[in-house]
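Inside the fold
Each chain, letter by letter, is given below.
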Amino acid sequence: MNIKHHLDEASLLSYAAGSMSQSMALVAACHLSMCPQCQERAQKSEAIGGVLLDSLAPAALNENSLDQVMAMLDYEPSVDIAVPKRISSKRAGADQTDLPFPLGEYIDGSLDSIAWKRIVPGVYCYDLPCKSERGGVSRLLRIAPGKSMLPHSHDGNELTLILRGSFSDEIGRFTVGDIADLDSEIEHQPLVDSDEDCICLIATDAPLRFSTLLGKIVQPMTGF
Ligand SMILES: [Zn+2]
């Protein structure tokens, strides 16, 4: 796996501090399970400091406080940021490895055993029961080769992890393991450029903002 697109610093921090919505955290956890580079960043980053600070109860300072703090600076905490390994699915088969471990809680079997629901021709979805914020979604999307999503931007953040196939958009090309970590500034139109269907895991924390009339018309049907 040759991962080129990673979680940004703000997302890593928010994941490590436990302040992400459940739907966004699932996508982040799945990327971490596939990406040694982000695992290392998560371990090293100041996020660890944030987690420790958050878990400390306030206490009155004593005379030795400064010395104690200075002593702690040399101490390397062994914080276990949940970094799940890929596991085999319950069902045997050649496809078993493309289900990241954290998704195994929601999918029984493999990506091929999902009961997809058709949104429009060539585009299928499977909604996950994760909690999101302000009307966002948590779902798997399966898009046929050559199909594109309608151009849209976001009122909040969007995390998209590629599990199979690939797509390209204004930012670049995304293949298996890549994560698109987008904020509200970006407008994009992903186009599936693989020979097989592109399957991705998506979480948003607010409804998408479609920039075309067609997008606005179909939005109620797509559930985005
Ligand atoms: Zn990464």
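In short, a report on the structure. Along each chain, residues carry numbers from 1 onward, in the same order as the chain's sequence is written. Selection of residues for local features in this predicted model requires a pLDDT of at least 70, selection of side-chain atom pairs for listing and counting requires 80 or more, and totals for whole chains, interfaces and linings are taken over all residues. Each side-chain value is worked out from all heavy atoms of the structure, with water and hydrogens disregarded.

Six octahedrally arranged donors around a metal ideally form angles of 90 or 180 degrees; four tetrahedrally arranged donors ideally form angles of 109.5 degrees. Any N, O or S atom lying within 2.8 Å of the metal counts as a donor, with the limit raised to 3.2 Å for Na, K and Ca; because water is left out of the atom set, some sites can appear incomplete. Note on the zinc ion: its protein donors are His6 (ND1), His31 (NE2), Cys35 (SG) and Cys38 (SG). The metal-donor distances range over 2.1 to 2.3 Å. Labels for metal geometry use angle windows, namely 85 to 135 degrees for all angles of a four-donor tetrahedral site, and for square planar (four donors) or octahedral (six donors) sites opposite donors over 155 degrees apart plus all others within 65 to 115; sites meeting none of these are irregular. Around the zinc ion, the 4 donor atoms sit at angles spanning 94 to 126 degrees, and that spread fits a shape best called tetrahedral. When the donors of the zinc ion are listed by position in the chain, the intervening gaps give H-x24-H-x3-C-x2-C. Placement of the pair is His6 in the segment before helix H1 (9-16) and Cys38 in helix H3 (residues 36-44), with a sequence separation of 32 residues. Taken individually, His6 and Cys38 each receive the classification buried, so the pair is uniform in this respect. Counting from the N terminus, the helices are DSSP H or I runs at least four residues long and the strands are E runs at least two residues long. For every residue, the accessible area (1.4 Å probe, protein chains only) is compared with the maximum for its type, and the residue is labelled buried under 20%, exposed over 50%, or partly exposed between those bounds.

Our focus in this paragraph is the pattern of salt bridges. The rule for a salt bridge is simple: a side-chain nitrogen of Lys or Arg has to be within 4 Å of a carboxyl oxygen of Asp or Glu. Taken as a whole and assessed by the stated rule, the structure comprises 5 salt bridges. The partner of Asp112 in a salt bridge is Arg164, and the shortest N-O contact between them spans 3.0 Å. Within this pair, whereas Asp112 is found in the loop between helix H5 (65-73) and strand S1 (117-120), its partner Arg164 is found in strand S5 (residues 158-164), the two being separated by 52 residues in sequence. The partly exposed category is assigned to Asp112, whose relative accessible area is 44%. In this structure Arg164 comes out as buried when scored by relative accessible area, which is 14%. Linking Asp197 and Arg142 is a salt bridge whose minimum nitrogen-to-oxygen distance equals 2.8 Å. Of the two residues, Asp197 sits in the loop between strand S9 (191-192) and strand S10 (198-204) while Arg142 sits in strand S3 (residues 138-143), which places them 55 residues apart along the sequence.

Bringing the packing of aromatic side chains into the picture now. Classification of ring pairs uses Phe, Tyr and Trp, with its six-membered ring standing for Trp, and accepts pairs whose centres are within 6.5 Å; under 30 degrees between planes counts as stacked, over 60 as edge-to-face, and the remaining range as tilted. Counted by the stated rule, this structure contains 1 aromatic pair. Each ring is checked for a lysine NZ or an arginine CZ that lies within 6 Å of its centre and within 35 degrees of its normal; such an atom marks a charge sitting over the ring. Above the plane of the ring of Tyr124 lies Arg142, whose end atom (NZ or CZ) is 4.4 Å from the centre.

Attention now moves to H1. Buried within H1 we find Ser11, Leu12, Ser14, Tyr15 and Ala16. Count one or two residues on from H1 and you reach Gly18, which has phi positive near 75 degrees.

A pair of strands counts as paired when DSSP detects no fewer than two bridges linking them. Read from one edge of the open sheet, 3 strands run S7-S6-S9, paired in antiparallel fashion. The two strands at the open ends of the sheet, each matched to only one other strand, are strand S7 (173-174) and S9. Where strand S6 (residues 167-168) lies against S7, 2 bridges are found, and the strand directions are antiparallel. Within the sheet, the bridge partner assigned to Phe167 lies in S7 and is Phe174.

Here the focus is the nonpolar core. Among the buried residues, those of types Ala, Val, Leu, Ile, Met, Phe, Trp, Tyr and Cys that are joined through side-chain atoms within 4.5 Å form a nonpolar core. If you look at the biggest cluster of nonpolar residues, it comprises 33 residues, and the most contacted ones within it are Leu7, Leu103, Leu140, Leu161, Leu163 and Leu201. Within the residue set of this core, elements represented by two or more residues are H1, helix H2 (22-34), H3, S5 and S10. Element by element, the count of residues in this core is highest for H2, at 9 residues. Residue contacts are defined here by distance: any two heavy atoms, one from each residue, within 4.5 Å place the two residues in contact. Not counting the four nearest positions on each side in its chain, Leu201 is found in contact with Leu26, Val27, Cys30, Leu103, Leu128, Arg139, Leu140, Leu159, Thr160, Leu161 and Leu163. Counting residues in each nonpolar core, the second largest holds 15 residues, with Val123, Cys125, Cys198 and Cys200 among its members.

A few words on the packing of H2 against H3. Axes here refer to lines fitted to C-alpha atoms; in helices the fit is confined to the stretch in contact. Angles between the N-to-C directions go from 0 to 180 degrees. Remark: H2 packs on H3, axes separated minimally by 5 Å, with the N-to-C direction vectors making an angle of 110 degrees. As far as their axial angle goes, H3 and H2 are roughly perpendicular. In this structure, H2 uses His31, Leu32, Ser33 and Met34 to contact H3, whose residues at the interface are Pro36, Cys38, Gln39 and Ala42. Of the residues in the contact of H2 with H3, the class split is 5 nonpolar, 3 polar and no charged. Orientation is classified from the angle alone, with under 35 degrees giving roughly parallel, over 145 giving roughly antiparallel, 65 to 115 giving roughly perpendicular, and any other angle giving oblique. Three residue categories are used. Nonpolar comprises Ala, Val, Leu, Ile, Met, Phe, Trp, Tyr, Cys and Pro, charged comprises Asp, Glu, Lys and Arg, and polar comprises the others, including Gly.

Spatial strand order, S1-S2-S3-S10-S5-S8: 6 strands in an open sheet with antiparallel pairing. Edge strands, defined here as strands with exactly one partner in the open sheet, are S1 and strand S8 (179-182). Pairwise comparison of adjacent strand axes, ignoring direction, gives a mean angle of 25 degrees for this sheet. Pairing of S3 with S10, which is carried by 6 bridges, proceeds in the antiparallel orientation. The partner of Leu140 across the bridge, within S10, is Leu201. Relative to S5, H2 is tilted by about 45 degrees, and along the sheet it contacts S3, S5, S8 and S10.

On to the environment of Leu12, then. Among the secondary structure elements, Leu12 is positioned in helix H1. Taking the C-alpha atoms as reference points, Leu12 and Arg41, separated by 29 residues in sequence, lie 8.2 Å from one another.

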